[in-house]
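# A look at the structure
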Amino acid sequence: VQLVESGGGLVQPGGSRRLSCAASGFTFSTVVMRWYRQAPGKEREFVAGITSAGGNTYYADSVKGRFTISRDNAKNTVTLQMNSLKPEDTAVYYCNAVLGNSHWGQGTQVTVSS
């Protein structure tokens, strides 16, 4: 199982950023995918999830209405569109897949700052 996140960087408050996670090594279309994040000095927290066929999505209250998770099962990718970013969104963002064990990517840093 391999999960590779990309798209992080520095963005101004109120701006947008699109994160992607490329998955391989498993049958992507059968697995619920999730995004988590971890800010400095804090525990890793759930951000968003999407069911295997993409029919249902769910979000942490802190990002609801600002972030959108989507997936492309033909390309084995899951995306997190982040809008109206706030400084408190600054964190390392991780892609997650649970296949017996929980699998994580290496993370991508998002910094929201002026």
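As a reminder, the structure under discussion sits directly above these lines.
Cut-offs applied
- Residues numbered from 1 in each chain as written.
- Predicted model: local features only at pLDDT ≥ 70, side-chain atom pairs only at ≥ 80, totals over all residues.
- Heavy atoms only, no water.
- Salt bridge = Lys/Arg side-chain N within 4 Å of Asp/Glu carboxyl O.
- Helix = DSSP H or I, 4+ residues; strand = E, 2+ residues; numbered from the N terminus.
- Buried < 20%, exposed > 50% of the residue type's maximum accessible area, 1.4 Å probe, protein only.
- Polar contact = N/O pair within 3.5 Å; in protein donor to acceptor, adjacent residues only side chain to side chain.
- Contact = heavy atoms within 4.5 Å.
- Pairing = 2+ DSSP bridges.
- Axes fitted to C-alpha atoms, helices over the stretch in contact; angles between N-to-C directions.
- Core = buried A, V, L, I, M, F, W, Y, C linked by side-chain atoms within 4.5 Å.

## Focus: the pattern of salt bridges
Counted according to the given criterion, the structure contains four salt bridges. The salt bridge involving Arg66 is made with Asp89; its shortest N-O contact spans 2.7 Å. Of this pair, Arg66 sits in the loop between strand S6 (57-59) and strand S7 (67-72) while Asp89 sits in the loop between strand S8 (77-82) and strand S9 (91-99); the two residues are 23 residues apart in sequence, bridging distant segments of the chain. Judged by its relative accessible area of 11%, Arg66 is buried. Salt bridges sharing partners connect three or more residues here, namely Arg37, Glu45, Arg66 and Asp89.

## Re the side chain of Arg37
Its place among the elements puts Arg37 in strand S4 (residues 33-38). The class of Arg37 is buried, set by a relative accessible area of 5%. In this structure the side chain of Arg37 is engaged in a polar contact, spanning 3.0 Å, whose partner is the side chain of Tyr93. In this structure Arg37 touches Glu43, Arg44, Glu45, Val47, Ser62, Val63, Phe67, Glu88, Asp89, Ala91, Val92 and Tyr93, once residues within four positions along its chain are discounted.

## Some remarks on the environment of Asn76
Mapped onto the elements of the fold, Asn76 is located in the loop between S7 and S8. Given the relative accessible area of 23%, Asn76 is considered partly exposed. Spatially, the C-alpha atom of Asn76 lies 26 Å from that of Asp89, the residues being 13 residues apart in sequence. What Asn76 contacts, discounting residues up to four positions off in sequence, is Cys21, Ala22, Ala23 and Phe28.

## Concerning unusual backbone geometry
Phi is positive for Asn76, close to 55 degrees, though the residue is something other than glycine. Positioned with a positive phi, Ser84 is a non-glycine residue whose angle comes to about 50 degrees. Within the element layout of this structure, Ser84 appears in the loop between S8 and S9. Ser84 sits in the partly exposed class, given a relative accessible area of 41%.

## Description of the sheet that holds S7
Strand order in the open sheet made by the four strands is S1-S3-S8-S7, with antiparallel pairing throughout. This sheet does not close on itself; its edge strands, each paired only once, are strand S1 (2-6) and S7. Taking the axes of each pair of neighbouring strands and ignoring which way they run, one obtains an average angle of 15 degrees across the sheet. Direction of pairing for S1 relative to strand S3 (residues 17-24): antiparallel, over a ladder of five bridges. Following the sheet pairing, Leu3 is matched in S3 by Ala23.

## Structural notes on the nonpolar core
Grouped together as the largest cluster of nonpolar side chains are 29 residues, with contacts concentrated most on Met33, Trp35, Val78, Leu80 and Tyr93. Those elements that provide at least two residues to this core are S3, S4, strand S5 (45-50), S7, S8, S9 and strand S11 (108-112). Counting residues per element, this core draws most heavily on S9, at four residues. Here Met33 is in contact with Leu3, Phe26, Phe28, Ala48, Gly49, Ile50, Ile69, Arg71, Val78, Cys95, Asn96 and Ala97, once residues within four sequence places are set aside.

That's the geometry; what it means functionally is another story.
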